[in-house]
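Residue-level listing of the chains:
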Amino acid sequence: MATAEEYAEGTILEGIRKTLVYFNTVDEPVPEDEKSRHIRQRIDAFEPRLLTIEQAMEYIRQAEAVALGQRVCRALHPGSVCSESVFLDDLAIAMVRAGKAKNSDVEDARKSLEKSSGHPLIISKVSGKHQEICPSVPSECVFWRAEKKGMHCLKRKA
């Protein structure tokens, strides 16, 4: 399971990079092999869910800390669309301490997500709790790439 420290230190990127490289080398559907089972376990640990902006706002209003920062995976795609993720609770605190996010309030978080309308919102678990809301870029996102390869992982929040 990814931790807030792995996000703050940037070490989470290596696993994402390796997974994207793997997806680039296999056909769909992903073969049932040791590598794909390992990737499936890692992705499942994030419990990624698609959200509406209203559902995202529920998480934001309930959070003890909120921060805005560049999408973590954007470091792997420097020329991509710039959009901000919303970090919550322990992840927000860790990202602010690392200088990778700035503290935010509920209204600024909403404005940031609204600026990225058209990008599907995904919330994922970090350190065992849903703490990252990302306006995803499907062509770059590891979760969307998994979906495209037949490794269905994105759930809708009920």
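The coordinates are above.
So, here's what we can say about the structure.

### Re the packing of aromatic side chains
Counting across every chain of the model gives 2 aromatic pairs. Ring centres 6.1 Å apart and planes at 50 degrees place the aromatic pair Tyr 22 and Phe 23 in the tilted group. We note that Tyr 22, like Phe 23, is buried. Each ring, one from Phe 46 and one from Phe 143, has its centre 5.7 Å from the other, and the planes form 65 degrees; the classification is edge-to-face. Of the two residues, Phe 46 is situated in helix 3 (residues 34–46) and Phe 143 in helix 7 (residues 142–148); the sequence distance between them amounts to 97 residues. By the burial criterion, Phe 46 is buried, and Phe 143 matches it.

### Focus on the nonpolar core
Residues Tyr 7, Ile 12, Phe 23, Ile 43, Phe 87, Met 95 and Phe 143 are the most contacted members of the largest nonpolar core, which totals 34 residues. When contributions to this core are tallied by element, the ones reaching two or more residues are helix 1 (4–9), helix 2 (12–25), helix 3, helix 5 (89–97), strand 5 (121–126) and helix 7. A total of 6 residues in this core trace back to one element, the largest contributor, which is helix 2. Counting 15 residues, the second-largest nonpolar core is a separate cluster that includes Tyr 59, Leu 68, Val 86 and Ala 109.

### Digging into the sheet that holds strand 1 (residues 49–51)
Ordered in space as 4-2-3-6-5-1-7, the 7 strands form an open sheet in which the pairing is mixed. Sheet topology places strand 4 (102–103) and strand 7 (155–156) at the edges, where each strand pairs with a single neighbour. As judged from the 2 bridges shared by strand 3 (residues 84–88) and strand 6 (residues 129–135), these two strands associate in the antiparallel manner. Pairing of Phe 87 across the sheet is with Glu 132, part of strand 6. Sheet strands in contact with helix 4 (residues 53–62) are strand 1, strand 2 (66–70), strand 3, strand 5 and strand 6, and its direction is about 105 degrees off that of strand 1.

### Thoughts on the side chain of Ser 83
Relative to the elements of secondary structure, Ser 83 occurs in the loop between strand 2 and strand 3. A polar contact of 3.2 Å, which involves the side chain of Ser 83, links it to the side chain of Arg 71. The residues contacting Ser 83, other than those within four sequence positions of it, are Gly 69, Gln 70, Arg 71, Ser 116 and Pro 135.

Scoring rules and cut-offs
- By convention here, each chain's residues receive numbers from 1 onward along its written sequence.
- For this predicted model, a pLDDT threshold of at least 70 governs which residues receive local features, and a threshold of 80 or more governs which side-chain atom pairs are given and counted, while totals over whole chains, interfaces and linings are taken from all residues.
- Where side-chain values are given, they derive from all heavy atoms of the structure, hydrogens and water being excluded.
- Working definition: a ring pair exists when centres of Phe, Tyr or Trp rings (six-membered ring for Trp) sit within 6.5 Å. Plane angles under 30 degrees give stacked, over 60 give edge-to-face, the rest tilted.
- Accessible area is worked out with a 1.4 Å probe on protein chains only. A residue is then buried under 20% of its type maximum, exposed over 50%, and partly exposed in between.
- The helix count covers DSSP runs of H or I at least four residues long, the strand count covers runs of E at least two residues long, and both are numbered beginning at the N terminus.
- Residue types Ala, Val, Leu, Ile, Met, Phe, Trp, Tyr and Cys, when buried and joined through side-chain atoms within 4.5 Å, form a set referred to as a nonpolar core.
- At least two DSSP bridges between two strands are needed for those strands to be called paired.
- In this analysis, two residues are considered to be in contact whenever any of their non-hydrogen atoms come within 4.5 Å of each other.
- Each axis is a line fitted through C-alpha atoms, taken for helices only over the stretch in contact, and angles between the N-to-C directions span 0 to 180 degrees.
- For this analysis, a polar contact is any N or O atom pair within 3.5 Å, provided that within protein one partner can donate a hydrogen and the other can accept it, and provided that sequence-adjacent residues contribute only side-chain to side-chain pairs.

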